[in-house]
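# Breakdown of the fold
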Amino acid sequence: MNIALAQLNCTVGDLAGNISKILHACQQARQAGAGLVVTPEMALCGYPPQDWLLRTDFIQACQQALASLATQIHDMTLVVGHPAYLDGKLYNAASVIQAGRILATYHKRHLPSDGLLNDQRYFEAGDQPCTFEQDGVTFGLAICADCQHLPHLQSTRQMGAQILLILSASPYRLDKLTNRQQQVRAGILHTGIPAIYVNLVGGQDELAFDGASFAINTQGEVTHQLPAFQEKLGQVEIRDDQLIPSPCTPMQDRITGIYSALCLGVRDFIEKNRIPGVLIGLSGGIDSALVLAIAVDALGSDRVRTVMMSSPYTIDISIQDAREMAGNLGVHHEEIPIDTLFENFLQTLRPALEAFPSPGNPTTAENLQARIRGTLLMALANQYGLLVLTTSNKSETAVGYSTLYGDMAGGLSVLKDVSKTLVYQLCYHRNHISPIIPERILQRPPSAELRPNQTDQDSLPPYDRLDAIIAAHVEQGMSLEAIANMGYPEDEVQRVLRLIHSSEYKRRQAAPGIRITRRDFGQSWRFPLTSRFLK
């Protein structure tokens, strides 16, 4: 028999659209000779629906959609993920549909509560395994984290399961595919049940789901591998309870995978929210150059506009490099100098500033330039119905090296989880495909150009050290002492950690950004605004 793996890009709340995708996959599978179709976790309603799950009208709509879907499945078997309400409890469920009716429903037994995908906030845990038969083969069901728990696998095996079907919505992060396969392999080697793992694909707010569905045989070998970051209908042939190997799609390398995740995240954020296009403040620097490249690769040049807003401290080569970058990608580009606006603001503020007895903050004029640019960007976006893509990277976001209501203004922060050192790697990767980023942008010392002869390293440690400290503290949870023991100066580590936690108030007001690491500054980061630890 043949099993179809429906690696779908579903949208939260688009019940009709998701049903259409599922039915189309069933039609394709039928034409390819498959009698069983497996979809990702929560394919019916999209994932994660978050607090929609607390709304009665949403749950009722999902129940009606499931009933409608069931009536349209006749000459094959479909396994579909959905929320299920039973006896006053809500479950993360998967139903088996045959001949127009629901044959069986499984309730997810192991619910994550890691702060990223908090199933325990919404669902009750199931307590029973579930199996069904198709063409003489007994299949067991698991949903995502269930495949890591041996008691569930053992009880499913005891019910006669010969092959495990795993419905998943596992978001992308670095090295996640290897981690998934290791977890599934460990269960297989313990129980002897081969497994088919079907993962969601697509962008959903700050998450990018990479798909990359796969199958692993009883020897722990990957027999089938679907591509990452694209919708795909794969097929697994089963003969004598064994998976018949098929050519596997090679997995992308680390940098290619990150770039693909960022493009997918931008594309789906714009497409699923029905936004006409995006606007980017192009500075002539490396961060905005990378954001522009990603935006054009994700959306096409006709849906991207750029604007260069030079100030008295912007050097000519920045204007030239921004112009060249925009020309290389064929986007509509504007140049709006802010010199006069900046001087008018200073003149208006000067009497009030001079009335203060203290010298005040030396960065006031720098932040003022960024806020003028932010105001102009938002005005243009408002006029044309566009979304502003902000250009700050994770290194800047971590330590607050950005201006609230200035360069932080916008609707999506593409590089929010991308360190400065990784920015350079991604730029070289994109230029290897085609040389679109001017070489001078890659070679110049990074600078905000808000005062004469300014460079980032005037205010920050070198980016290789800064990024290593940020990664150790934010992504690995290491303490000041542990990081200092790695060989970094203790005073430098202490300063960076203080900057990270004193900048929390800025991040609370920042645009959402696409997650690519174990711990980003989105839902997986929760620290108080007020704290004297590390102060």
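Everything discussed here concerns the structure shown above.
Here goes a summary of the coordinates provided.

Rules used in this analysis
- Residues numbered from 1 in each chain as written.
- Predicted model: local features only at pLDDT ≥ 70, side-chain atom pairs only at ≥ 80, totals over all residues.
- Heavy atoms only, no water.
- Helix = DSSP H or I, 4+ residues; strand = E, 2+ residues; numbered from the N terminus.
- Axes fitted to C-alpha atoms, helices over the stretch in contact; angles between N-to-C directions.
- Parallel < 35°, antiparallel > 145°, perpendicular 65-115°, else oblique.
- Contact = heavy atoms within 4.5 Å.
- Nonpolar A, V, L, I, M, F, W, Y, C, P; charged D, E, K, R; others polar.
- Buried < 20%, exposed > 50% of the residue type's maximum accessible area, 1.4 Å probe, protein only.
- Pairing = 2+ DSSP bridges.

## Looking at the environment of threonine 375
Structurally, threonine 375 can be placed in helix α10 (residues 364–384). In this structure, the C-alpha to C-alpha distance between threonine 375 and aspartate 407, residues 32 residues apart in sequence, is 9.5 Å.

## Examining the packing of helix α6 (residues 254–272) against helix α12 (residues 420–433)
Between two packed helices, the angle of one axis relative to the other and the distance separating the axes together describe the packing. Interaxial distance between α6 and α12 falls to 10 Å at its minimum, and their mutual angle equals 90 degrees. Classified by the interaxial angle, the pair formed by α6 and α12 is roughly perpendicular. Of the residues in α12, those in contact with Arg254, Ile255, Thr256, Ile258, Tyr259 and Leu262 of α6 are Leu422, Gln425, Leu426, His429 and Arg430. Per-class residue counts for the contact of α6 with α12 are six nonpolar, three polar and two charged.

## Some details on the environment of aspartate 321
With respect to the helices, strands and loops of the structure, aspartate 321 is situated in helix α8 (residues 316–329). A sequence separation of 119 residues divides aspartate 321 from arginine 440, and the C-alpha atoms of the two residues are 7.6 Å apart. Leave out the neighbours within four places in its chain, and aspartate 321 touches Gly284, Pro438, Arg440, Ile441 and Arg444.

## Quick word on the pairing of strand β6 (residues 131–134)
Side chains Phe132 and Gln134 project from β6 onto a buried face, and the interleaved Thr131 and Glu133 project onto a face without burial. Here four bridges tie β6 to strand β7 (residues 137–143), and the two strands are oriented antiparallel to one another. Opposite phenylalanine 132, over in β7, you have phenylalanine 139 as the bridge partner. Linkage of β6 to β7, two consecutive antiparallel strands, is achieved through a turn of two residues, within which aspartate 135 is found at a positive phi near 50 degrees.

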